[in-house]
Amino acid sequence: MDLAALTVTELREQLRSRAASPVEALDALERRIVSVDPHIRGYLHRDLEQARALAAAADVTLPLGGVPIAIKDVLNVRGQPCTCASKILRGYIAPYDATAIARLRAAGAIPFGRTNMDEFAMGSSTENSSVHPTANPWDITRIPGGSSGGSAAVVASGEAYAALGSDTGGSIRQPAALCGCAGLKPTYGRVSRFGLVAFASSLDQIGPFGKTVRDCALLLNAISGHDPQDSTSIAEPVPDFTASLDRDLAGVRLGMPREYFIEGIDPQVDSAVRQAVRHYESLGAEIVEVSLPHTDYAVAVYYILATAEASANLARFDGIRYGHRAENPSNLLDHYGRTREEGFGPEVKRRIILGTYVLSSGYYDAYYLRAQKVRTLIRRDFTRAFEKVEAIICPTSPEPAFKAGERTGDPLKMYLADIFTIATNLAGNPGISIPCGFAAIEGVQLPIGLQLIGKPFEEARLLNIAHAYEQSTDWHLRRPTLP
Ligand code: GLN
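The shown structure was predicted, so the numbers you read here are calculated from the model rather than taken from an experiment.

A.B. asks: Describe the pattern of salt bridges, and please don't skip the residues or the numbers.
C.D. replies: A complete count under the given rule lists 24 salt bridges for this structure. Notably, a salt bridge pairs Glu399 with Arg407, separated by 2.9 Å at the nearest N-O pair. Each of the salt bridges in this network shares a partner with another, and the network as a whole consists of Asp139, Arg142, Lys403 and Glu442.

A.B. asks: How would you sum up the site of the ligand? Please name residues and give values.
C.D. replies: In the vicinity of the ligand, 15 residues are found, and the nearest of them are Thr168, Gly169, Ser171, Tyr302 and Arg351. Between an oxygen atom of the ligand and a main-chain N or O atom of Thr168, the distance comes to 2.8 Å. The separation between an oxygen atom of the ligand and a polar side-chain atom of Tyr303 is 3.3 Å. Taking 290 Å² as the accessible area of the ligand by itself, protein coverage stands at 100%. Partitioned by chemical class, the residues of the shell around the ligand number five nonpolar, seven polar and three charged.

A.B. asks: Explain helix α2 (residues 22-40) to me, and be specific about the residues and the numbers.
C.D. replies: Of all the bends in α2, the greatest, near 40°, is centred on Val34, and the proline Pro38 appears no more than four residues after it. Among the residues of α2, those classed as buried are Pro22, Ala25, Leu26, Ala28, Leu29, Glu30, Ile33, Val36, Asp37 and Ile40. In this structure, the buried residues of α2 make contact with α1 (8-16), β1 (43-46), α3 (48-56), β2 (68-72), β3 (110-115) and α5 (149-156). Arg41 occupies a position one or two residues after α2 and carries a positive phi of about 55°.

A.B. asks: Give me the domain arrangement of the protein chain: which residues, what numbers.
C.D. replies: Many descriptions give the size of an interface as the accessible area lost when the pieces come together. The assigned domain composition of the protein chain is domain 1 (3-245) and domain 2 (295-373). Each of domain 1 and domain 2 has a C-alpha centre, and the two are 27 Å apart. Contact residues are listed per partner, giving 20 residues for domain 1 and 20 residues for domain 2. Taken together, both faces of the contact between domain 1 and domain 2 bury some 1,600 Å²; the carbon and sulfur share is 65%. Of all residues in domain 1, Ile88, Met122 and Phe199 bury the most surface against domain 2, accounting for 40% of the area lost on that side. Counting across the domain 1 and domain 2 interface gives zero salt bridges. The interface formed by domain 1 and domain 2 contains nine residue pairs in polar contact (both at pLDDT 80 or more). Of the residues contributing to the side of domain 1 that touches domain 2, the split by class is ten nonpolar, seven polar and three charged.

A.B. asks: I'd love a proper account of a nonpolar patch on the surface, names of residues and values included.
C.D. replies: Taken together, Tyr357, Tyr363 and Tyr367 make up a surface patch of nonpolar side chains, about 280 Å² in accessible area. Within the secondary structure, Tyr357 is located in helix α11 (residues 346-359).

A.B. asks: Mind laying out the packing of helix α4 (residues 99-106) against helix α7 (residues 213-223), listing which residues take part and the relevant values?
C.D. replies: Two elements in contact, α4 and α7, have axes separated by 8 Å at closest approach and are oriented at 110°. The pairing of α4 with α7 is recorded here as roughly perpendicular in orientation. Contacts between α4 and α7 involve Ala100, Arg103 and Leu104 on the former and, on the latter, Leu219, Ala222 and Ile223. Per-class residue counts for the contact of α4 with α7 are five nonpolar, no polar and one charged.

A.B. asks: Explain the packing of helix α9 (residues 298-313) against α11 to me, using residue names and the numbers behind them.
C.D. replies: Following both chains from N to C, one finds α9 and α11 inclined at 100°, their axes separated by 7 Å at the closest point. Regarding the angle of α9 to α11, the classification is roughly perpendicular. Listed contacts from α11 to Tyr303, Ile304, Thr307, Ala308 and Ser311 of α9 are Arg351, Ile352, Leu354, Gly355, Thr356, Val358 and Leu359.

How each quantity is defined
Residues numbered from 1 in each chain as written. Predicted model: local features only at pLDDT ≥ 70, side-chain atom pairs only at ≥ 80, totals over all residues. Heavy atoms only, no water. Salt bridge = Lys/Arg side-chain N within 4 Å of Asp/Glu carboxyl O. Near = heavy atom within 4 Å. Polar contact = N/O pair within 3.5 Å; in protein donor to acceptor, adjacent residues only side chain to side chain. Areas by Shrake-Rupley, 256 points an atom, 1.4 Å probe, with all protein chains shown as cover. Nonpolar A, V, L, I, M, F, W, Y, C, P; charged D, E, K, R; others polar. Bend = angle between axes of the 7 residues up to and from the residue. Helix = DSSP H or I, 4+ residues; strand = E, 2+ residues; numbered from the N terminus. Buried < 20%, exposed > 50% of the residue type's maximum accessible area, 1.4 Å probe, protein only. Contact = heavy atoms within 4.5 Å. Domains from an automatic or database assignment. Buried area = accessible area lost by both parts, 1.4 Å probe. Patch = residues over 30% accessible without salt bridge, like charges linked within 9 Å, V, L, I, M, F, W, Y side chains within 5 Å. Axes fitted to C-alpha atoms, helices over the stretch in contact; angles between N-to-C directions. Parallel < 35°, antiparallel > 145°, perpendicular 65-115°, else oblique.

Shown next, in the form of structure tokens:
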């Protein structure tokens, strides 16, 4: 048996029954990585020596005992590099564990590798990584999505049992959709952001990638809950997210947002999602139309708020406290200026400049304040829609994976990749993407993602709804053929 092909749930069985050991699970993964990652390039770094020591001592009776987990390069893991795929953090070694990592460790998991991403999580294709791009496992000439493209690609290609990512405007769900795995953005406040390098603090949320919905639930169990070190983490009770996965869907009401089924979405995506809607009807769900009337403003509002917050958050990269430092500065301003000029890539600079502009006096009211007000309207749209339904059903991405290099010169076109995921972050609701079909494009099969959006702190129901679809279809069982 190839252990690397297993889900976390299956691997746990093997480890608990002692049919396999954690060291064997790690070795199987390493063999897979060595053969496949030269093509995918999903990892930036792996710490196998330490991982092997942890595996040898792992307590397999813990919920994730001995399970290696891949981590997006934006989360601090003590003793490992944490660069956000940016030159400015090259050489930075995390001095502490993020809370999500500490909790994974407490559940017995082994964070062993750093996955590639768009620099500082800004992007939708992982092409903004300063290190190298990552390929889509279904067609290596295409992008894996972003910004957590490395995490999605390594799970889809069997180079990881599961992974963590972060989602500010779709960065877990969109790459999960494009790579054909499951990816969950929890409710804002469900998972502590302590130790997550901040991009846009009012939107950022950490979440899991898995081969199945159940695996996402297992990881969510481990990482959720209030943390005194993150004042935005909320003291809601954390249920066992696996306990209600098998609940019957009879009578559940799902909403199709009128504004999300529009012209311009790829016809194969549209038809796969509509097929999934019919499938839900066959499972007993009732489908109703809902409206999210402020959808058209979501992308604009996001790119004002996210850049404003980023310009403030990224001010800390000044060459004094972290990472890269310009040589022989003539004075302090020259030091700051050249350090940032040399350390940040073009997209990060674009966002810092845009964010500084929208916050500047004279423009603050016209842009930032106005965007905050529209955010409230967007949030209200969701509150109203959720008076009628338990989940919203829609596409995750308007199209399957595009070709590498196709959008790099056109940031606006790239920003539209997030059109269906961004509003969820603005509203704070949880959302998941699961595979719901394939598009045949130029002779290759490319995964299509179905997005389900839930009520705040009702991830248990959301996962249940996603699981019911997954378990009665076989899209999640398909694997890419790799070189
Ligand atoms: N693609 C979006 C952006 O570029 C979302 C990124 C994210 O969720 N981190 O900002």
